[in-house]
Amino acid sequence: ARGLDVTPKSIAKFNGGGDKKSAALMNEIYIDEITHVEAGVRWFKFLCEKLRIDPIQSFHEIVRKNFRGNLKPPFNTKAREDAGFTEAWYLPLVSKKEGKSRSKTSEEAK
């Protein structure tokens, strides 16, 4: 999902530098990333339902077990929500200090 957070800024840099072709390609990648995250969330929920486990709690346990440190903002809340990856999935994995800066909208992420 990190691609959802960082790609808008890359698009803006390409546009700012006059590279409209690269900006357009990055925009296609960005839109595709939303569908990829959406598919991942959908399949994860499906598997958790089959196993009769809470998907968000299970996600938190897996992330804490397999990754070091906390997630770091800023987050593109709008794009993540469009993908079904709401704040309940990731904000509890942010350190309290960093969590105060919370999320950015898609416009702020640019």
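Scroll up to find the structure.
No experiment lies behind these values; they were computed from the predicted model shown. (Residues numbered from 1 in each chain as written. Predicted model: local features only at pLDDT ≥ 70, side-chain atom pairs only at ≥ 80, totals over all residues. Heavy atoms only, no water.)

Q: Explain unusual backbone geometry to me, using residue names and the numbers behind them.
A: Cis geometry marks the peptide bond from P73 to P74, where omega comes out at 10°. One can find P74 in the loop between α3 (55–66) and α4 (77–82). A positive phi angle, close to 55°, is found at R52, a residue other than glycine. Counting through the fold element by element, R52 comes out in the loop between α2 (20–51) and α3. The exposure class assigned to R52 is exposed, which follows from its relative accessible area of 78%. (Helix = DSSP H or I, 4+ residues; strand = E, 2+ residues; numbered from the N terminus. Buried < 20%, exposed > 50% of the residue type's maximum accessible area, 1.4 Å probe, protein only.)

Q: Hey, could you go over the nonpolar core for me, with residue numbers and the actual values?
A: Side chains that are nonpolar tend, in soluble globular proteins, to be buried together. Counting 15 residues, the largest nonpolar core has L4, Y30, I34, V37, F85 and Y90 as its most contacted members. Those elements that provide at least two residues to this core are α1 (2–16), α2 and α5 (87–90). A per-element tally of this core places α2 first, with five residues. (Core = buried A, V, L, I, M, F, W, Y, C linked by side-chain atoms within 4.5 Å.)

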